[in-house]
Structure formats: C-alpha cells, structure tokens
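For reference, the chains in residue letters:
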Amino acid sequence: MKRYILMTLSLTFIIVLGACSNNLGNMNPFDMMDSSGDRSEGSMMMGHGHSDVPLQHSTGENELKIPPILQKDKEEGNDVYYTIEAQKGQTEIFDGIQTKTLGYNASFLGPVMKLKKGQTVHIKLINSLDEETTFHWHGLIIAGDADGGPHDVIQPGEEKEITFVVQQERATLWFHPHPKGKTAKQVFEGLAGLMYIEDGMDDPYVYGENDFPLIIQDRTFNDQKQLDYEAVKNADGTMGETLLINGTLNPRLTVNQEKVRLRLLNGSNMRNYTFKLSNNQSFQQVASDGGLLNEPVELTELQLTPSERAEIVIDFTKIKENEDVKLITDDGTVLLPFQVNDKESKVQKEMLKPENPITISDEIMKKEVSKEIVLFGMMHHVTINGKKFDPNRIDFTQKKGETEVWEIYNKPDMMGGMIHPFHIHGTQFKVISINGEEPPENLQGYKDTIALDPGDKAKIAVKFEEKGVFMYHCHILEHEDNGMMGQIKVE
Ligand code: C2O
Ligand code: CU
Ligand code: CU
C-alpha cells in the first residue's frame, strides 16, 4: 500500500517538476534520485517492475522431497565432525530431463545439518566446483574467520576446516555461498542447505513426519530445462516463474490429521512471499529467524523476504480427510497443496517455549542510536550509507558482547523504492521499533534479517558474541552482489 502512495507522490513530483523546470539533473532537490543516469536495465517508470513475473501454481503432482539429515563423520565426546562438499551435478527436476545443478553433498541443494547447543563442531569444507566459493552459515553465532563471508574463499579443489561451539538456542538456520559478486548465481544454481540448532529439550515434532522444512525458491529454466543464470539475471533481483520447494517441481505434501510444523525458508534471490492457507484458516507462528518466539502468534498471513525463516504450526485436526487445503500466497498462487490423510495423531502437540524469554531491557530501550544504516537505490546503483562494498574497508566497529542500537532506514527514491531485507552476519538481533512503534508480535523474537518497506526506519538491538569481520547487507542477492553490503569489525 505504502509503496503505491510513494509511487503516486513521486509521479506527482515528476509532473510538477516537469511543468516548472526541465533541469531535474541539477536540482536533485531531495537527493532522491541517483544521478548517474544508467537506468537502461529497467524502464524508468517501472523501475521496480518485478511484480510482472508471476509464479506458476503448483499442480501438486509430486510429493515434496525431504532433504536428508547430514550424517556425522565421527563424534568424540563433545566434538562432532562433519564434511560439506560443494559440488556439481545433474538433477531430474523435470521428468526424464537432467538439469545441471549445484549442491552440497548432493547434486542439488543440501542436507539438513543438525547441531546441538554446547557441541564443538568441526566441519571440513570441500570445494569441488569449477569456481571459487565460500560456505556461509546464515544466522549462526560464530567468529568472523569461520563465518564464510567473501574473504573466506576456498579455491576449486581445495578444502578447509572450521571449528566452532554452538552457543545459541534451537533455531532453523541455513547455509549458502557468499563469494564476492557471485552469490546470486551460485544460490540460483542450487547451493543452499539447512542447519537446525537443537538443545537438550525433547521436541514434540518428528522430522519428515509432522515437521517439514520448506525451502521456497523461484527459478527460470530455459527451453532445454537448464538454469542459465547469465541469461535471466536481473540486477534488481532475479525472479523466476517456476516454483521449487526443496527442489521439487509442482510439490504436494501429505500430512495426517494432526498439528504439523512447517519450517519456511525464503531461499529465493529476490521474491517476497506472503503465505496463507487457501481456506483462510489461521496458523501459529512459533519461531522466527533465530528461534522460538516467547508465545506462539496466531496469524492468517505471514510475509517472508529473502533469507527470512519462520516456523509455523498448522492444525490439520480441523481439516477433514481429502479436504482441499493449500498453502498459497496472498495473491492466490498455489505453492503447496496438502493431501490430508485420516490418520489421527494421539497427542495434541504443544510447542516448546524458549528457555530464556526474549526481552529488551529498559537500559537498551533508552540507548541512543550508535549506528545508522541507510539503504538506497536500485539495480546497479544500490548502496549502504552511500557506499558500495569494498572488501578492504571496515565500515563500522563494535565491541564484542556490547549491545548497540542500530537504526536502519530504507530511503525511498523517485520510483518509490522497494523492500530491502537487511541482514547481519554472526548475530541474532532484536527489533526495538519500526517507525517508532513496537514491532508486531512475530517480530519480537530473534531476527537476523529485517524487511523494510520504502520509507521504513527500524531500530534494532545488536550484540556480537564473537570477534571478527562480519558482513551486513541487503539479502536480495543481486543487490548484495552489486555492492549493497558493508562490513563491521568486532573486537
Ligand atoms: Cu544469507 Cu550474507 O547472507
Ligand atoms: Cu548471513
Ligand atoms: Cu536490496
């Protein structure tokens, strides 16, 4: 809504200016327009014209693929060892056709790595691609030198081992590559996997039975049903008309008449999804990016921008056998039809509560803003605080263990602007306010990415538990690649 108002205002502005001046370039009245002039890749008026890549409905003809759980190489006391290999492969996404893809320990996508709080984890990282890559642990609290940012390149054929202690609460995190300027392409071609953090508490849900990950992505395939990133890439974020969930084309999910937890990950390069159920039934959001919410939040709609996660619980006891219910988007696109069986579960599962309730102390509420972040621009002209990413420049510093208040502002441009999902590495932050107001309940848990509409200003409380250099950036992957990224050194 806000977006259209801004758009209208901007258009009025252009018309008014056009009427009394033809010297827009020199005036730059509100510093609203990027003056370098190259808008050739998007039409001027519809600069953010992405909404015109509609997503095709899932026909539901294929049962959803469930990623395998990554097996440990070994375990010695508190130390666990894993291997993750980035590799090339061929995958049958379309019946009878081999598509060239990338994956982790697989031809496409990756396994679920389950780690426990308190464990010391050793991961051997192998790059079997033809190009350099990095292994980034999105949402994980980890030292900068193991975080897999653009500095941690592993050359083709090489390997590296990282070690870290799992120090956060249960959460659904993910991992993906992060090489400078090539993140979007490598994710597009299939590099993405899930990392679940668990703790000692029993989880009432069972993986693959009533607890399912949904890695939601949109892709464009060429006539040969291949992924040709260079041919379809868009500097403002690449969208595709083909939906894949866990790499499954036209997925459906068979469930019993019980409560089912879905762990949603928006793994798309730029598309935003607002999820709902086709019968308008409500569901509960029980976790956000960084783990459980204090209380489940009852919702009928939920938006996730790229890289955001949410765990939701749908109560299928309210749905009759073979009743036609689907996960859809707010504009009615079918993402995932459910096949509901009559098998009832014995127990009504109660979701866990976080071990330590999430609160923001008065002291932090009263703190002054110490870091200001301004997100601006589109296409190749995206910036943070007027600058593009420079691996040799440290933009901010912060002390380990100290909480600072960051203010993030999505500055509109003449076209209105677009949503930028702002992400910080190596931390889980708390949202203090959005436009001066208390955030909605489902944003009161731990977050590592916050979606800002054009004009939005958010205050967040950020603390780093580990030292090192960490990235912060827009998680529209093409914006990241185009330099909408900065780095903070934690000492
Ligand atoms: Cu998913 Cu730099 O992050
Ligand atoms: Cu990240
Ligand atoms: Cu962006």
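Residues numbered from 1 in each chain as written. Chains lettered and ligands numbered in written order. Predicted model: local features only at pLDDT ≥ 70, side-chain atom pairs only at ≥ 80, totals over all residues. Heavy atoms only, no water.

Things to note about the side chain of histidine 178
Here's step 1: Among the structural elements, histidine 178 can be located in the loop between strand E9 (171-176) and helix H3 (183-188).
Here's step 2: Histidine 178 gets classed as buried once you look at its relative accessible area, which sits at 1%.
Here's step 3: A distance of 3.0 Å separates a polar atom in the side chain of histidine 178 from a polar atom in the side chain of histidine 425.
Here's step 4: A distance of 3.2 Å separates the side chain of histidine 178 from the side chain of histidine 473, its partner in a polar contact.
Here's step 5: The residues touching histidine 178, leaving out its near neighbours within four places in the chain, are Thr134, His136, Gly148, Gly149, Pro150, Thr183, His425, Met471, His473, Glu480 and Met485. (Helix = DSSP H or I, 4+ residues; strand = E, 2+ residues; numbered from the N terminus. Buried < 20%, exposed > 50% of the residue type's maximum accessible area, 1.4 Å probe, protein only. Polar contact = N/O pair within 3.5 Å; in protein donor to acceptor, adjacent residues only side chain to side chain. Contact = heavy atoms within 4.5 Å.)

Looking at the confidence of the model for the protein
Should pLDDT be low for a region, the predicted coordinates there are not to be read in detail.
Here's step 1: On average, residues of the protein score 90 in pLDDT, and 89% of them are at 70 or above.
Here's step 2: Contacts of residues 1-47 to residues separated by more than four positions or lying in other chains number 56 contacts, the stretch itself having pLDDT below 50. (pLDDT = per-residue confidence, 0-100.)

Quick notes on the environment of isoleucine 488
Here's step 1: Within the secondary structure, isoleucine 488 sits in strand E32 (residues 485-490).
Here's step 2: With residues near it in sequence (within four places) discarded, isoleucine 488 still touches Lys371, Phe396, Thr397, Gln398, Trp406, Phe464, Gly468, Val469, Phe470 and Tyr472.

Section: the environment of glutamate 407
Here's step 1: Assignment of secondary structure puts glutamate 407 in strand E26 (residues 404-410).
Here's step 2: For the pair glutamate 407 and lysine 371, spaced 36 residues apart in sequence, the C-alpha separation works out to 6.2 Å.
Here's step 3: Non-local contacts of glutamate 407, meaning those with residues more than four positions away in its chain, are made with Val369, Lys371, Glu372, Ile373, Lys457 and Ala458.

Considering the packing of aromatic side chains
Two numbers describe a pair of aromatic rings. These are the distance of the centres and the angle of the planes.
Here's step 1: Counted under the stated rule, the structure contains 14 aromatic pairs.
Here's step 2: A ring pair is formed by tyrosine 273 and phenylalanine 275, whose centres lie 5.7 Å apart and whose planes are at 15°; its orientation type is stacked.
Here's step 3: Residue classification places tyrosine 273 among the buried residues on the basis of a relative accessible area of 1%.
Here's step 4: With a relative accessible area of 1%, phenylalanine 275 lands in the buried category.
Here's step 5: Seen from their ring centres, phenylalanine 464 and phenylalanine 470 are 5.3 Å apart, and the 20° between their planes marks the pair as stacked. Per residue, the accessibility class of phenylalanine 464 equals that of phenylalanine 470, and both read buried.
Here's step 6: Every member of this aromatic cluster is reached through a ring pair, and the members are Phe396, Trp406, Phe422, Phe464, Phe470 and Tyr472.
Here's step 7: Here the guanidinium or amino end of lysine 225 rests over the ring plane of phenylalanine 94, the centre of that ring lying 4.8 Å away.
Here's step 8: One residue, lysine 457, lies across the ring of tyrosine 409, its end atom 4.8 Å from the ring centre. (Phe/Tyr/Trp six-rings, centres within 6.5 Å; stacked < 30°, edge-to-face > 60°. Lys NZ or Arg CZ within 6 Å of the ring centre and 35° of its normal.)

A short note on empty space enclosed by the protein
Here's step 1: Counting across every chain of the model gives 4 cavities of 30 Å³ or more.
Here's step 2: Space inside the largest cavity adds up to approximately 70 Å³.
Here's step 3: Lining the largest cavity are Glu169, Arg170, Asp199, Met201, Gly290, Gly291, Leu292, Pro354, Glu355, Ile358 and Tyr446.
Here's step 4: In this structure, the second largest cavity occupies an estimated 50 Å³ of space.
Here's step 5: Leu125, Thr134, Phe135, Asp145, Ala146, Asp147, Gly148, Asp152, Ile154, Lys160 and Ile162 are the residues that line the second largest cavity.
Here's step 6: In terms of residue class, the lining of the second largest cavity is made up of 5 nonpolar, 2 polar and 4 charged. (1 Å grid on protein atoms, 1.4 Å probe; cavity = no way out; pocket = protein on both sides within 12 Å on 5 of 7 lines; lining within 4 Å. Points joined across faces, edges and corners; volume = space filled by probe spheres on them. Nonpolar A, V, L, I, M, F, W, Y, C, P; charged D, E, K, R; others polar.)

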